[in-house]
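Residues per chain are reported as follows:
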Amino acid sequence: VCTMEGAEWLEEVPEDTTVEKLKERCLKHCVPGSLEDPKTVTHHKLIHATSEKVLTDTKTVLEENIQDRDVLLLIKKRAPMLLPKMADVVAEEKRKQEQKAPDKDAILKATANLPARSVDRTVAHHNMRDFQTELRKILVSLIEVAQKLLALNPDAVELFKKANAMLDEDEEDRVDEIALRQLTEMGFPESRAVKALRLNHMSVTQAMEWLIEHADDPSVDAPLPGQVPAEAPAEGAASSAEAAAGPSSEEGGEEAKDELTEIFKKIRRKREFRPDPRAVIALMEMGFDEKEVVDALRVNNNQQNAACEWLLGDRKPSPEDLDKGIDTNSPLFQAILENPVVQLGLTNPKTLLAFEDMLENPLNSTQWMNDPETGPVMLQISRIFQTLNRT
């Protein structure tokens, strides 16, 4: 038997000895002369060191499965916390009220005589929303250009095979390495962090919240359901490529290009928008219809607060506006197309898929910005937009 103070001794007892009797014998070693107080026994407990189980006073040594040479810990129970006095409660509430931030009316009253210097929040919000809408229009138009370039390329069949393989690739296999490193540096296990990022569209903040909420969930490390085996897409890509490459005549070549164009048209249908489930629930609890909520989140890039303002406001832009491209004769679009980095990137099937993915799932933009192939293209587009927007 050991105590917290470091004392150790050996106790020999029959198997039918109760834990309470064993505890009394132990107390004679470390608290002599105080057993007259009945509370002394009840204020201590015996713990099995190996299993960390608190032994029950009424059970015997045999019933608690205590074996020869087992180690027990004799520990004094912590005294229960005293209930606070009413005067202390009142004083604490008064202190909280004094430290409470002023409400809106108090702020307006205190600042009534100050000149207005802040930017109109409504205007700022609309400007940001206009920026997001314009960026979407750019992506829509660049997707059309990329499709035409890939379709007219002499190696169209090979590009089709590569694009189709990446398109059918299980996107759950892609993980943002920078986001993953941020979570692992916080102390989260890598496998668990990968799962959290996949469930939260590679958002570090949302993944961290998920990890904290599910820390004690027994199924937190279970694999994600519905993952497609890696071989299946490859076979599908190969068969599609063979179908495209099959005809050798000029007429067959036209059929191959037509099939390639049709596959590119299907890309967007495969890259369906995934609304944030937490935002959907929160907005539906406010009384909005599910379709309205999904439209609002799609328009506002899965941002819950912006989606709520959209639902309560004029609902501009509409979901239909998101599929409209930019004016191809505008200086902005011409500057983007004249950029050598963008020109080279548009001939890469991966760039096309990146544009489509960001168009339907803006939260995935971080991983494409960090990608060595698509990142430089996105950086140039952003720089050109910001430069022309300031002039």
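- An unreviewed UniProt entry annotates the protein chain as Ubiquitin-associated domain-containing protein 1 of Eulacestoma nigropectus.
- The record in UniProt for the protein chain states the following under Subcellular location (unreviewed entry): "Cytoplasm".
- Its UniProt record gives the protein chain the following Pathway (unreviewed entry) comment, quoted word for word: "Protein modification; protein ubiquitination."

### Considerations on the sheet that holds strand β2 (residues 44-48)
Across a sheet, paired strands are connected by hydrogen bonds in the backbone, their directions being either parallel or antiparallel.
Consideration 1: One open sheet accounts for 4 strands, arranged β1-β4-β2-β3; its pairing is mixed. The strands lining the two open edges of the sheet, one partner per strand, are β1 (2-3) and β3 (53-54).
Consideration 2: Sheet topology note: the β1/strand β4 (residues 72-76) ladder contains 2 bridges and is parallel. In the strand pairing of β4, Cys2 is matched with Leu73.
Consideration 3: Contacts from helix α1 (residues 19-30) reach β1, β2 and β4, with the element oriented near 105° to β2.

### Remarks on unusual backbone geometry
Consideration 1: Even without being glycine, Asn65 reaches a positive phi, approximately 55°.
Consideration 2: On the secondary structure map, Asn65 appears in the loop between β3 and β4.
Consideration 3: The exposure class assigned to Asn65 is exposed, which follows from its relative accessible area of 52%.
Consideration 4: Backbone geometry places Arg69, a non-glycine residue, at a positive phi of 75°.

### Remarks on helix α8 (residues 190-199)
Consideration 1: The complete set of buried residues in α8 reads Arg192, Ala193, Val194, Lys195, Ala196 and Leu197.
Consideration 2: Buried positions along α8 lie against α7 (177-185) and α9 (204-213).

### Focus on a nonpolar patch on the surface
Consideration 1: Taken together, the side chains of Met86, Val89 and Val90 define a hydrophobic patch exposed on the protein surface, amounting to about 290 Å² of accessible area.
Consideration 2: Mapped onto the elements, Val90 comes out in helix α3 (residues 86-99).
Consideration 3: Owing to a relative accessible area of 52%, Val90 belongs among the exposed residues under this scheme.

### Some remarks on the pairing of β2
Consideration 1: Across the 5 residues that make up β2, a large majority, 4, are buried.
Consideration 2: Note that β2 and β4 share 5 bridges and pair antiparallel. Its bridge partner lying in β4, His48 is registered against Leu72.
Consideration 3: Relative to β3, β2 is paired through 2 bridges, and the arrangement is antiparallel. For Ile47, the partnering residue across the bridge sits in β3 and is Val54.

### Regarding the pattern of salt bridges
Consideration 1: Under the definition given, this model contains 10 salt bridges.
Consideration 2: The partner of Glu64 in a salt bridge is Lys53, with the nearest N and O atoms 2.8 Å apart. With Glu64 in the loop between β3 and β4 and Lys53 in strand β3, this pair connects stretches of sequence that are 11 residues apart.
Consideration 3: Classification of Lys53 as partly exposed rests on a relative accessible area of 37%.
Consideration 4: The shortest N-O distance in the salt bridge between Asp295 and Lys291 comes to 3.1 Å. Placement of the pair is Asp295 and Lys291 together in helix α13 (residues 290-299), with a separation of 4 residues, close to one helical turn.
Consideration 5: Its relative accessible area of 57% is what places Lys291 among the exposed residues.
Consideration 6: What you see here is one network of salt bridges that share partners, running through Lys350, Asp371 and Glu373.

Rules and cut-offs
Residues numbered from 1 in each chain as written. Predicted model: local features only at pLDDT ≥ 70, side-chain atom pairs only at ≥ 80, totals over all residues. Heavy atoms only, no water. UniProt positions renumbered as here; feature names shortened; annotations may be inferred. Pairing = 2+ DSSP bridges. Helix = DSSP H or I, 4+ residues; strand = E, 2+ residues; numbered from the N terminus. Contact = heavy atoms within 4.5 Å. Axes fitted to C-alpha atoms, helices over the stretch in contact; angles between N-to-C directions. Buried < 20%, exposed > 50% of the residue type's maximum accessible area, 1.4 Å probe, protein only. Patch = residues over 30% accessible without salt bridge, like charges linked within 9 Å, V, L, I, M, F, W, Y side chains within 5 Å. Areas by Shrake-Rupley, 256 points an atom, 1.4 Å probe, with all protein chains shown as cover. Salt bridge = Lys/Arg side-chain N within 4 Å of Asp/Glu carboxyl O.

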